[in-house]
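Residues per chain are reported as follows:
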Amino acid sequence: MSEKTFSVSRRRLLTATAAGGAMLAAPWAWRRAAAQEKPRELIVRAWGGVWVDSLNEGVSKPFTEMTGIAVRHDLTEDNEIRPKIWAAVDQGRVPPIHVNWDTSTNATKSALRGVTEDLAGLPNLKEMLPAATPEGFDGVPLVNMYSYVYVLAYREAAFPDGPPESWDVLLDPRFKGRIALYDDGIGFHPVAQIAGGGTMAGVPGDMQPAWDFIRKVKEQQPLLGEDPDFTTWFQNGEIDVACTILSNARAARQNGIDVAWTVPKEGCKVDTDGMWIPKGLPGNELHWAKEYVNFAMSQQAQQKWTSGLGLPGLRPGLTPPEDLEGDPAFPTSPEDFERLLSVPTRVLVEHESDWFQKFNEIMQG
Amino acid sequence: MASTIHDKGAGRPVGLRLLDLLEAARELLWPARMAPLTPWLFLLPAVLLTGLLAAGLIPLLDASLRPLDRATFRLAEDYALGNYATLATRPVYGVIALRTLMAGLIVTAATLALAFPYAWMMVRTQHAWLRKLLLVSLFLPFFIGQVVRAYGWLIILGKQGLLNALLDGLGLPPSSLAFTYTAVLIGLVQYMLPFAVLMLAPALTAVPVEVELASASLGARPFATFRHILLPMARPGIVAAGIVVFTLTLTDFAMPEIMGGGGNDFIASAVYDAFFQLGDAGLGAALGIGLTLVGSAVVGVILAFFGLGTLGYVEGREERS
Amino acid sequence: MAQATTAAAEPMVRLERVSKRFGATLAVETASFDLEPGSFLTILGPSGCGKTTLLRMIAGFIRPDGGSIVLNGRPVAADPPWRRSIGMVFQKLALFPHMTAAQNVAYPLKMRGFPRQGMAERVERYLSIVRLGGLGGRRPHELSGGQQQRVAIARALVFEPDLLLLDEPLAALDRKLREDMQLEFRRIQRELGVTTINVTHDQREALVMSDRILVMEGGRIQQAANPVDTYARPANRFVAGFLGVTNFLPGRLASLAEGRAVVEVEGTRLEGLCADPSLAPGAAVAAAVRAERVRIAGTGETAPDESDVEGEVVEVVFEGDRFVYELRMPSLGGIPLRLFDLDPLAHPRHAPGERVTVAWRHRDLMVFPA
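Residues numbered from 1 in each chain as written. Chains lettered and ligands numbered in written order. Predicted model: local features only at pLDDT ≥ 70, side-chain atom pairs only at ≥ 80, totals over all residues. Heavy atoms only, no water.

(A) Structural context of the domain arrangement of chain C. All names here are of chain C. Taken as a whole, chain C is organised into domain 1 (13–237) and domain 2 (245–369). Relative to domain 2, the C-alpha centre of domain 1 lies at a distance of 39 Å. Counting from both sides, the interface comprises seven residues of domain 1 and, opposite them, seven residues of domain 2. Taking both sides of the interface into account, the surface hidden between domain 1 and domain 2 amounts to around 570 Å²; carbon and sulfur atoms contribute 56%. There are zero salt bridges connecting domain 1 and domain 2. Joining domain 1 to domain 2, the criterion identifies two residue pairs in polar contact (both at pLDDT 80 or more). When residues of the side of domain 1 that touches domain 2 are assigned to their parent elements, the largest contribution, three residues, is made by helix H7 (residues 227–232). (Domains from an automatic or database assignment. Contact = heavy atoms within 4.5 Å. Buried area = accessible area lost by both parts, 1.4 Å probe. Salt bridge = Lys/Arg side-chain N within 4 Å of Asp/Glu carboxyl O. Polar contact = N/O pair within 3.5 Å; in protein donor to acceptor, adjacent residues only side chain to side chain. Helix = DSSP H or I, 4+ residues; strand = E, 2+ residues; numbered from the N terminus.)

And the structure:
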């Protein structure tokens, strides 16, 4: 379809040029021609390691094969790209990327700020589970693509009697100095709330149990890092237990590192990631960015991409990877989700910064 | 190429005619009557650079006075001191600031203590091979970036690192230095050492070896010579090296980030977290302003205490004797 | 040719067979000498002769490979500098720029544990000995070159060391100041009676200041004698050439008896003195005569105790107190000869190309092994 449009527009353009000033008389034709002209490349922000590899295999490569548009992955941290996009939109500049692969929480912050394009018209959106579309917005400022679980990852050799049953294991003196969390505590706040004796009803109103539990964890001298750190630390024998996203633990295991994971009795935090397109792109680039996001929702792309990540996609009818079939950390049915801890995105948007700050305060104190 | 130039054929060599051209261009841009201003012209880049830095502080100051609006994730339009209040009331910032300042003091003292004998040996040795060895061992890590070096330290200090392999071999209990404050300090001292040595070496070169010999012949033991002669005469270098090491430590990000295991953040980490984790540019700017103030205050106190002369501006003439 | 003069009194300094090697270079070879209390010795030699190494071994900055150094009856070769009672003035003076003149002078007193009481008076006394009274509050850079010299001297002497070492402290000064300071050093040294060793490559300085001169070359002591003897009776060809302006006439020894030698230079027989009885007739020798001992004589004017030789004027220069003639000596195989006429106002000036007869006394011709 694109090729056809292009050739037509080209012919129109040539005719217009031949007719001299006729181009001035047909501005609409010119605009339309420009709108669908293919850009040389699309820039998609992604996370490194297993994340970008899966995206490339599942989405970007097939997209390039289909359209001929190269896809470049920008590995700037999601937190670092956000202010750049915000500044670009504020100043009316062209944003630095075409598609942002982002946590749903951060994506929602951008949506609230009004820097996201409306994705409502994308054909594949109809095929996705309802959870793919965020609530409470006019239009669709972002599309959630898959959910993921912050599991309790552990070194098998340290647990000869089987996987730990409770997050209390973090307080075991045996593991003092040998546990790890994300450096802002992301994925751990609700878990701490339950492990500390509180309930999900207390989020965000009464989170004292969570902070008490995190204070006890602090006494255990945890290492604090980001995705790639967990793999390194497991590999170097620095840690035995960590709270990290399943994909990291699975990637480490696939690389021959002695790592397994479990969903303890308190549950694990489940969350979603999505994609959105910043405002301010030239018309044709916006068009192809939307094509990219639409393609990411296709059966083919969802299957390959989310299998690579080891995460359940938000499109019905996907086949789970063999090693994760029936794994409680790979939720597919409503019962699976029962066991997990989910915090509404609106609550996260409003309070997560405070939780980060509070977590930081405890850990740096 | 050459033929086209000869075609115009004034017979003068190409090089000279090129010079004529440059000369004419200079006359156009900077006429001869401006000559008295020429020395100031050379100052211009420095002034521009400093001015740019100072100008950069203005938007920072502006942002620091505008608290974040959580509903839109924009900074408020009206000025308020909310961000500074946050800094003052949240104890975590006091802890981080104190930790950073302490690191600045400890790292500066330790680096100077190690760098001084190193620089002295490098300057004074009679053996060319030893001087070369010292220089190479100084520069080799200099070319390896801070991040790579930090990871190198982790290989040494890690739970299954070289240090513990050594301790284990000696039948000693393992250490757990990696991801501690001590590890951050060790990494910083090693990172700062070349800077300090490079700033001390010229200062020590400026102290004639005869002065040390004279002191010894007048009855001073080596430590007395160090204390009464070398230390005061090398003071410009020591103060300059101290200021550089202190400010670099104060503003360091990578070392605490990588070697601190997440629990030993410095002010720069807090700035990063504010900007990117919390998305609160106002708070980050307030932290940045605070860091700038603390650093400037310390350097100001040092300069006020030792005088500008310590940088060699006033007493430089003395070296003539 | 190391010489040891035995002094009647216990020597203040005694060096015995002191040697130092740097890699393959022998810097000082078995140097021995004694120095009487209160005397002024100059070690003279060209650069690289080992004089500075010798001085630094005495000061304690360099440890000798072998031999002994005895200072005031005590062996010190193994002692560090701060344990030796030696004051030293360096070529670059090495004043402490961050201290005042008085603080510089007080430094050795503090370092050597002198009582605080009376220290200020003592510093002031030594400052006035070097004629810097009242300038103690100045920093070195506020003093002239000569004044800085005086501070350095006062600092080296204030603790009343057994020995004062001067490491070419005057070398960097301009000529006028240098000559003034030479006399000034000598005055202070006599006034305080401090035993002194001076190192220099300046023969005039050595002659002016010293009681005794030690000439060094190639790491060896060539001669140790008082200035007059060193000049008048050089021990060997090197010393003869290093001090004064000396003409060397290469030849063969014809005969030698009781110190009187006859030398044949290109067929001309010349009489002279030779101190080396081991020389046999036929040996290759260098006959030496100082430029100021040669005179231009009228024909037949020469005395019986003089040699006379024909020469041709090549160049003549008037220097105020002298004519300096450059001659060519056809009868001596055409070798050049330099001649000082020290009474230029009384004598006519001979022009280039003129043939003249030159003469010198037999006893002024010194014969050395070649």
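Once you've had a look at it, read on.
(B) Region of the structure containing the interface of chain C and chain B. If you look at the interface, chain C gives 25 residues, while chain B gives 23 residues. Around 2,300 Å² of area is buried between chain C and chain B when both sides are counted, 65% of it from carbon and sulfur atoms. Linking chain C to chain B there are five residue pairs in polar contact (both at pLDDT 80 or more). Mapped by element, the contributors of at least two residues to the side of chain C that touches chain B are strand S6 (86–89), helix H2 (101–111) and helix H4 (145–157) of chain C. Broken down by class, the residue content of the side of chain C that touches chain B amounts to 16 nonpolar, three polar and six charged. (Nonpolar A, V, L, I, M, F, W, Y, C, P; charged D, E, K, R; others polar.)

(C) Region of interest: the interface of chain B and chain A. Between chain B and chain A, the contact holds 31 residues from the first and 33 residues from the second. Taken over both partners, the interface formed by chain B and chain A buries close to 2,700 Å², and the fraction arising from carbon and sulfur atoms is 45%. Three residues, Phe73, Lys159 and Gln277 of chain B, lead the burial of chain B against chain A; their summed loss comes to 25% of the area buried on that side. Here chain B is connected to chain A by one salt bridge.

(D) Seen up close, helix H12 (residues 299–309) of chain A. All names here are of chain A. Turning to H12, its buried residues are Ala301, Gln302, Trp305, Thr306, Ser307 and Leu309. Buried residues along H12 sit against helix H4 (50–67), strand S3 (99–103), strand S4 (143–154), helix H10 (246–254), strand S9 (269–276) and helix H11 (283–296). Backbone geometry just after H12 places glycine 310 at a positive phi near 75 degrees. (Buried < 20%, exposed > 50% of the residue type's maximum accessible area, 1.4 Å probe, protein only.)

(E) Inspection of the environment of arginine 66 of chain B at higher detail. All names here are of chain B. With respect to the element layout, arginine 66 can be found in the loop between helix H3 (38–64) and strand S1 (68–69). Judged by its relative accessible area of 17%, arginine 66 falls in the buried class. Arginine 66 sits 18 residues away from tyrosine 84 along the chain, and the two C-alpha atoms are 9.9 Å apart. Not counting residues within four places of it along the chain, the set of residues in contact with arginine 66 comprises Leu75, Ala76, Glu77, Asp78, Tyr79, Ala80, Asn83 and Gly282. Of note is the side chain of arginine 66, whose polar atom sits 2.7 Å from the backbone oxygen of alanine 76.

(F) Highlighting the pattern of salt bridges. Enumeration over the complete set of coordinates arrives at 41 salt bridges over all chains. We note a salt bridge from lysine 61 of chain A to glutamate 57 of chain A, for which the minimum N-O separation is 2.9 Å. Taken as a pair, lysine 61 of chain A and glutamate 57 of chain A lie in helix H4 at a separation of four residues, close to a single helical turn. Measuring nitrogen to oxygen at the nearest pair gives 3.5 Å for the salt bridge that ties glutamate 184 of chain C to arginine 131 of chain C.

(G) Focus on the sheet that holds strand S17 (residues 323–329) of chain C. Residues and elements named next belong to chain C. Taken in spatial order, the five strands of this open sheet run S15-S19-S16-S17-S18, and their pairing is antiparallel. Both edges of this open sheet fall to strand S15 (295–297) and strand S18 (335–341), since each of them pairs with a single strand only. For this sheet, the mean inter-axis angle between neighbouring strands, taken without regard to orientation, is 50 degrees. (Pairing = 2+ DSSP bridges. Axes fitted to C-alpha atoms, helices over the stretch in contact; angles between N-to-C directions.)

(H) Representation of the UniProt feature "domain: ABC transporter" (unreviewed entry) in chain C. UniProt annotation of "domain: ABC transporter" (unreviewed entry) refers to residues 13–243 of chain C when read in the numbering used here. For residues 13–243 of chain C, the helix share is 35%, the strand share is 26%, and the end-to-end C-alpha distance is 26 Å. (UniProt positions renumbered as here; feature names shortened; annotations may be inferred.)

(I) Local environment of the environment of arginine 99 of chain B. For arginine 99 of chain B, the location among the structural elements is in helix H5 (residues 91–124). Arginine 99 of chain B gets classed as buried once you look at its relative accessible area, which sits at 11%. Measuring from C-alpha to C-alpha, the distance between arginine 99 of chain B and glycine 284 of chain B comes to 18 Å, with 185 residues separating the pair along the chain. Beyond its immediate stretch of four places on either side in the chain, arginine 99 of chain B contacts Gln364 of chain A together with Tyr181, Gly263, Asn264, Asp265 and Phe266 of chain B. Within the local environment of arginine 99 of chain B, its side chain forms a polar contact with the side chain of glutamine 364 of chain A, the two groups lying 2.7 Å apart.

(J) Local environment of the packing of H2 of chain C against helix H3 (residues 119–129) of chain C. Residues and elements named next belong to chain C. For the pair H2 and H3, the least separation of the axes is 9 Å and the interaxial angle reads 125 degrees. Taken as axis vectors, H2 and H3 run oblique relative to one another. You can see that H2 and H3 cross each other, and the crossing is right-handed. When H2 is examined against H3, the residues Ala102, Val105, Ala106, Leu109 and Lys110 are found in contact with a partner set consisting of Met119, Arg122, Val123 and Leu127. Taken together, the residues of the contact of H2 with H3 break down into seven nonpolar, no polar and two charged. (Parallel < 35°, antiparallel > 145°, perpendicular 65-115°, else oblique. Left-handed = near helix turned anticlockwise from the far one by under 90°.)

(K) The arrangement of the packing of aromatic side chains in detail. What the rule picks out here adds up to 29 aromatic pairs over all chains. Taking the centre distance of 5.1 Å and the plane angle of 80 degrees together, the rings of phenylalanine 63 of chain A and tyrosine 292 of chain A count as edge-to-face. Of this pair, phenylalanine 63 of chain A sits in helix H4 while tyrosine 292 of chain A sits in helix H11, placing them 229 residues apart in sequence. The residues phenylalanine 63 of chain A and tyrosine 292 of chain A share a single accessibility class, namely buried. Measuring from centroid to centroid gives 5.6 Å for tryptophan 233 of chain A and phenylalanine 179 of chain B, while their planes differ by 75 degrees, and the two rings are edge-to-face. Within this pair, whereas tryptophan 233 of chain A is found in helix H9 (residues 227–235), its partner phenylalanine 179 of chain B is found in the loop between helix H8 (162–169) and helix H9 (181–205), the two belonging to separate chains. Among the aromatic residues, those joined into a ring-pair cluster are Trp47, Trp51, Trp101, Tyr146, Tyr148, Tyr150, Tyr182, Phe230, Trp233 and Trp305 of chain A together with Phe179 of chain B. Residue placement shows arginine 174 of chain A over the ring face of phenylalanine 159 of chain A; its charged tip is 5.8 Å from the ring centre. Lying over the aromatic face of phenylalanine 248 of chain C, arginine 237 of chain C brings its terminal NZ or CZ to 4.4 Å of the ring centre. (Phe/Tyr/Trp six-rings, centres within 6.5 Å; stacked < 30°, edge-to-face > 60°. Lys NZ or Arg CZ within 6 Å of the ring centre and 35° of its normal.)

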